[in-house]
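These are the residues of each chain, in order.
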Amino acid sequence: MKRQNSSNTFLNMEEVQLTFEPYGHFLHTYSYFSKNDEWIVYDTRNEGDKIGETCCIEVVNVKTSEVKRIYTTSNQSKYGPGVGAVTFHPKKDQVLFIHGLRSARQSKPYGFSRRTGAVVNISSPGIIEHLDARDVTFPFTPGALRGGTHAHAWSSDGKWVSFTYNDEILANLEKSGQKVKDLRTVGVMGPFGPVSVKEDHDENNPGELFTVVVASVTESPTPGSDEIDRAYEEGWIGRDGYLINGKNQRALAFLGDAYTKSNQKITEVFLVDLPDDITRADSNKPLQGTNNTRPNCPAGTHQRRLTYTEDRKFPGVQGPRHWLKSLPDGSEILFLMKDNKSRVQLYGVSPVGKQVRQITHNDFSIETAFTIAPDGKYVAYGVGEEIYVTALSRGQTRRISPKTDGSHSGLQSIEWSNDGKMLAYNRKVKSGGKSYFQIFLLKQR
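Anyway, here's the lowdown on the structure attached to this text. Note that the structure is predicted; figures quoted are calculated from it, not measured. (Residues numbered from 1 in each chain as written. Predicted model: local features only at pLDDT ≥ 70, side-chain atom pairs only at ≥ 80, totals over all residues. Heavy atoms only, no water.)

### Overview of the nonpolar core
The cut-off we apply is this: Nonpolar cores were defined as sets of buried Ala, Val, Leu, Ile, Met, Phe, Trp, Tyr and Cys residues, with membership established by side-chain atoms within 4.5 Å. Each residue is assigned to one of three classes by its accessible area relative to the maximum for its type, calculated with a 1.4 Å probe on protein chains only: buried under 20%, partly exposed between the two thresholds, exposed over 50%. Per the convention used, a helix needs a DSSP run of H or I reaching at least four residues, while a strand needs a run of E reaching at least two, with both numbered from the N terminus. Two residues form a contact once any of their heavy atoms are found within 4.5 Å.
Formed by 29 residues in total, the largest nonpolar core has its most connected members in Val188, Val214, Leu252 and Phe254. Contributing elements (two or more residues each) for this core: β11 (147–154), β13 (185–190), β14 (210–213), β15 (231–236), β18 (251–259) and β19 (265–273). For valine 188, the residues in contact, after removing those within four places along its chain, are Trp160, Val161, Ser162, Phe163, Phe210, Thr211, Val212, Val214, Trp236, Leu252, Leu274 and Ile278. Membership of the second largest hydrophobic core comes to 25 residues, among which are Leu18, Phe33, Val83 and Phe88.

### Focus on the packing of aromatic side chains
Cut-off, in case you're wondering: Whether two aromatic rings pair depends on their centres lying within 6.5 Å, for rings of Phe, Tyr and Trp, where Trp uses its six-membered ring; planes under 30 degrees apart make the pair stacked, over 60 edge-to-face, and the rest tilted.
Per the stated rule, a full pass over the model turns up 10 aromatic pairs. With a centroid separation of 5.6 Å and an interplanar angle of 40 degrees, the aromatic rings of tyrosine 71 and phenylalanine 97 are classed as tilted. In this pair, tyrosine 71 is assigned in strand β4 (residues 67–72) and phenylalanine 97 in strand β6 (residues 94–100), connecting sequence segments 26 residues apart. Since its relative accessible area comes to 0%, phenylalanine 97 is described here as buried.

### What to know about helix α1 (residues 168–175)
Stated formally: Here a polar contact is recorded for every N or O atom pair within 3.5 Å, except that within protein the pair must consist of a potential hydrogen donor and a potential acceptor, and residues adjacent in sequence are included only if both atoms are side-chain atoms.
Every buried residue of α1 is listed here: Glu168, Ile169, Leu170, Ala171 and Leu173. Between the side-chain oxygen of the N-cap and the backbone nitrogen of isoleucine 169 there are 3.1 Å, and the N-cap of α1 in question is aspartate 167. Directly after α1, the chain includes glycine 177, whose backbone phi takes a positive value near 95 degrees.

### Focus: the sheet that holds strand β27 (residues 386–391)
Quick reminder of the rule: Paired strands are those between which DSSP finds at least two bridges.
Spatial strand order, β25-β26-β27-β28: four strands in an open sheet with antiparallel pairing. Strand pairing shows two members of the sheet lacking a second neighbour, β25 (371–372) and β28 (397–399), which therefore form its edges. Pairing between β27 and β28: three bridges, direction antiparallel. By the bridge assignment, valine 389 is partnered in β28 with arginine 398.

### A word on the state of the cysteines
So the rule is basically this: Here, a disulfide means two cysteine sulfur atoms that sit within 2.5 Å of each other.
All told, the structure shown has one disulfide when counted by the stated rule. One disulfide in the model links cysteine 55 with cysteine 56; its S-S distance is 2.2 Å. Disulfide cysteine 55-cysteine 56: the torsion about the S-S bond is -90 degrees, which places it as left-handed. When its relative accessible area of 0% is taken as the criterion, cysteine 56 is described as buried.

### Observations regarding unusual backbone geometry
In this chain, glycine 80 is followed by proline 81 through a cis amide linkage whose omega measures 5 degrees. Of note, proline 81 is situated in the loop between β4 and β5 (83–88). Of note, the amide linkage connecting glycine 193 to proline 194 takes the cis form, showing an omega dihedral of 5 degrees. Within the secondary structure, proline 194 sits in the loop between β13 and β14. In this structure, serine 413 takes a positive phi of about 55 degrees despite not being glycine. On the secondary structure map, serine 413 appears in strand β29 (residues 408–416).

### Description of the sheet that holds strand β1 (residues 13–17)
Here is the rule: Each axis is a line fitted through C-alpha atoms, taken for helices only over the stretch in contact, and angles between the N-to-C directions span 0 to 180 degrees.
With antiparallel pairing, four strands are arranged side by side in an open sheet as β1-β31-β30-β29. Taken across any chain shown, the strands that pair with only one partner, and hence form the sheet edges, are β1 and β29. Each strand axis lies, on average, 30 degrees off the axis of its neighbour in the sheet, ignoring direction. Taken together, the 10 bridges between strand β30 (residues 422–431) and strand β31 (residues 434–444) define a ladder with antiparallel strand orientation. Opposite tyrosine 425, over in β31, you have phenylalanine 440 as the bridge partner.

### So, the pattern of salt bridges
Note the cut-off: The term salt bridge refers to a pairing of a side-chain nitrogen on Lys or Arg with a carboxyl oxygen on Asp or Glu at a separation within 4 Å.
What the rule picks out here adds up to 22 salt bridges. A salt bridge links arginine 134 to glutamate 203, with the shortest nitrogen-to-oxygen separation between them at 3.0 Å. Taken as a pair, arginine 134 in strand β9 (residues 133–134) and glutamate 203 in the loop between β13 and β14 lie far apart in primary sequence, 69 residues in all. When its relative accessible area of 11% is taken as the criterion, glutamate 203 is described as buried. The partner of arginine 146 in a salt bridge is aspartate 167, with the nearest N and O atoms 2.7 Å apart. Here the residue arginine 146 occupies a position in the loop between β10 (144–145) and β11, and aspartate 167 occupies one in strand β12 (residues 161–167), the gap between them amounting to 21 residues. On the basis of relative accessible area, aspartate 167 is assigned to the buried category, the value being 2%. One continuous salt-bridge network, built from bridges that share partners, spans Lys108, Arg114, Arg134, Glu168 and Glu203.

No statement about biological role is implied by the geometric values presented.
Dropping the structure here:
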């Protein structure tokens with residue numbers, strides 16, 4: 001491991017526990033600080049796979065530890081509706097989160113294709129609006145989708161939202177034995193709404209933004225090609241896209257599952273350039289799809305593969321689950337992969353090239369998702385319940401959190417504050433014979 005020199009940037013860091021109540025305080029993977037770093041938002045899960053059973057969204061004050069509940073579902077049961085994965089708008093006191101269908105019940109429970117993106121303003125707790133329209137009634141509606149969006153991420157200007165998507169129409173066809181499959185893919189919501197649909201409290205709802213899929217997937221990718229059967233873990237490239245031919249191009253990076261010439265699945269880094277107008281469809285490819293085909297990408301989207309790692313000793317993106325992230329100027333997209341000694345390291349690739357750069361050279365594996373500092377100079381991640389920071393220009397690494405005493409577990413969801421002066425994260429803390437996810441801060445004394 002290359003250790004950092006005499007920089008005082010991360011000396012004398014103090015760990016502070018913010019939440020204490022005996023229930024979960026589950027942080028999303030990114031962007032859970034309010035615009036002024038006054039509040040952190042979270043859902044009340046205590047396990048990652050329990051969104052469908054989770055009732056509530058809360059915020060905690062960074063300075064006072066005051067907790068406010070800002071949303072509670074109606075008629076919550078183990079079948080739904082469920083809420084979770086909540087993130088703050090970058091410019092407003094507004095939060096966005098997964099919301100299961102309000103009519104969720106035993107016969108139609110919360111699921112991958114049965115959820116939407118809902119927003120709540122902090123000044124109007126309890127009142128939700130749906131960002132994405134949902135329409136599962138043929139012939140469907142352009143600007144609406146027919147399934148479930150999740151893991152929403154705002155663009156830096158707060159005008160666009162990315163997400164991963166599962167389609168209920170195709171899921172039902174797959175269950176009936178049809179050749180089509182519900183393949184996870186990536187989409188965006190853009191400022192071209194609102195989108196009206198015939199509202200049905202059981203299934204359909206209107207949305208404030210225009211919603212489309214933007215990644216192309218296929219049931220049977222050709223081995224050795226750039227075709228994929230899954231797109232996921234996306235991230236916006238740069239604050240303003242990336243620079244190409246003298247202009248900024250809005251784009252998303254995402255992970256895609258391709259197949260080698262020997263037909264072995266391999267996960268690689270992909271990119272899709274987005275058109276300025278996502279409301280236009282290509283000829284004979286309706287945005288909303290048909291009753292036996294998946295939704296289509298807008299005219300002007302351009303998908304391409306950035307990494308080709310089949311010949312490496314340990315090929316493909318690997319390591320803990322993580323979302324792709326880029327430097328603020330969009331010049332490099334970061335991801336995790338194993339080195340030749342099978343240790344998970346951080347790597348980068350340019351959106352305009354295919355050359356991969358190894359960033360960390362640690363003598364240990366990175367064990368959590370990573371977060372990039374707002375100034376683009378450092379990346380933070382977890383190893384063995386402790387937080388490490390690497391200088392992106394030099395690859396030098398140091399531990400910045402205090403030594404743990406073994407009483408806490410489950411370090412996850414590390415994120416920088418907007419001013420770059422604090423890191424927040426989850427840890428499980430024992431209480432009354434059980435362990436609950438609590439929120440911690442790491443800041444200078």
